[in-house]
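# Observations on the three-dimensional arrangement
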Amino acid sequence: VHPTLMQTMEGTPVLVHAGPFANIAVGNSSVMADKIGLKLVGKDGFVVTEAGFGADIGMEKFFNMKCRTSGLQPSAVCLVATVRALKMHGGGPSVTPGKPLDAVYKTEGIELLSRGCDNMVRHIENAQRFGVPVVVGINRFVTDTDAEIDTIREAALKAGAFDAVVASHWSDGGAGAKALAEAVVKATDAPADFKLLYDVSAPIEDKIETIVKEIYRGDGIEISEKAAADIARYKAQGFNDLPICMAKTHLSFSADPTAKGAPTGFKIPIREVRASVGAGFLYPLCGTMTTMPGLPTRPCFYDLDYDVDSEKVIGLF
């Protein structure tokens, strides 16, 4: 299956290839798509490639799995943050699809936001562990206040981010992301010392524990009898040296989706370890995580249409 060439509304080429969910799989675009992009832009060009969900899973897998396989080294990380998401990590009410958003997410709340910035700070620190400069892109909503934006920016810079820049591309198109793009370009000129988190030749359980301690900041792992038997079998079959693809909730650093912010003092339960030998990795199942995404029985594309007269897509929003 070859990459699909698409374009943004402003004509920027986009390669869509692979990219399964990062909570249960790799969560990244394909190496093939990245290499095609790099070839097309030339030695002075830039390719932006997505690593899905939180940086504790998408970014970690991008570095430890994708970069290890491709041999490509990233020049910078663009970490996306929003006022609303950080408020939720600060202890804000739960957000349920289809239900009205609580007022705290649409009104100024510096204290709540400040607590939630601990989550962003940990992601910044994690990116720095790989030796890559980090630019925080603050995706601004119309309800965000200047004081809230300043709070995020100050926390990001204090944590060592190369820069923290507001982006409004959702409303202003490419012009709304110009300042962010310029900051990322500058960051690529900053000193970098890219390094992987673990040696693939280390024992399977050690690689899992390294991810838990270094990226999630947990105290360790709890391996079930089933997982221990799985690990022993893969070692005997010669699969010890495969990289690790953690199947973990994207809603928390821990295996508990309700544990927001930057939790500590927890262990990650490993109930089972499976092998995707053809794809080249082992994937431990953390806690109650399942590998089947929750999709509706009736696909949403049934409600999408295209008006040839107005040239507008119907039913997308």
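Residues numbered from 1 in each chain as written. Predicted model: local features only at pLDDT ≥ 70, side-chain atom pairs only at ≥ 80, totals over all residues. Heavy atoms only, no water.

## A few points about the nonpolar core
Within the largest apolar cluster, 54 residues are counted, with the highest numbers of intra-cluster contacts made by Met120 and Val136. With near-sequence residues (within four places) excluded, methionine 120 lies in contact with Leu79, Ala81, Leu86, Val136, Ile152, Ala155 and Ala156. Formed by nine residues, the second largest nonpolar core is a distinct cluster that contains Ala247, Tyr283, Leu285 and Met289. (Core = buried A, V, L, I, M, F, W, Y, C linked by side-chain atoms within 4.5 Å. Buried < 20%, exposed > 50% of the residue type's maximum accessible area, 1.4 Å probe, protein only. Contact = heavy atoms within 4.5 Å.)

## Looking at the sheet that holds strand β8 (residues 281–286)
Here three strands make up an open sheet; going across it, the order is β6-β7-β8 and the pairing mixed. Both outer strands of the open sheet, β6 (220–223) and β8, are each paired with one neighbouring strand and no more. Across the sheet, the mean angle from the axis of one strand to that of its neighbour is 50°, orientation sign disregarded. Both β6 and strand β7 (residues 267–276) contribute to a ladder of four bridges, which runs parallel. Bridging across to β7, glutamate 222 finds its partner in proline 269. (Pairing = 2+ DSSP bridges. Helix = DSSP H or I, 4+ residues; strand = E, 2+ residues; numbered from the N terminus. Axes fitted to C-alpha atoms, helices over the stretch in contact; angles between N-to-C directions.)

## What about helix α1 (residues 31–41)?
All of the buried residues along α1 are Ala33, Asp34 and Gly37. Burial along α1 is one-sided: seen end-on, the buried residues are contained in an arc of 100°. Where α1 is buried, its residues touch β2 (13–16) and α2 (55–70). Glycine 42, located one to two residues past α1, shows a positive phi value of around 80°. (Arc of directions from axis to C-beta.)

## Examining the state of the cysteines
The tally for this structure, following the rule as stated, stands at zero disulfides. Residue cysteine 67 stays outside any disulfide, its sulfur separated by 14 Å from that of cysteine 245, the closest cysteine. Using a relative accessible area of 6% as the deciding quantity, one classes cysteine 67 as buried. As a non-bridged cysteine, cysteine 245 has cysteine 286 as the owner of its nearest cysteine sulfur, 10 Å distant. Given a relative accessible area of 0%, cysteine 245 falls into the buried group. (Disulfide = S-S within 2.5 Å.)

## Side note on the packing of aromatic side chains
Overall, the coordinates contain six aromatic pairs when judged by the stated rule. Sitting above the plane of the phenylalanine 253 ring, arginine 122 keeps its charged end 4.9 Å from the centroid. Its guanidinium or amino end placed over the ring of tyrosine 234, arginine 233 lies 5.0 Å from that ring's centre, counting from NZ or CZ. (Phe/Tyr/Trp six-rings, centres within 6.5 Å; stacked < 30°, edge-to-face > 60°. Lys NZ or Arg CZ within 6 Å of the ring centre and 35° of its normal.)

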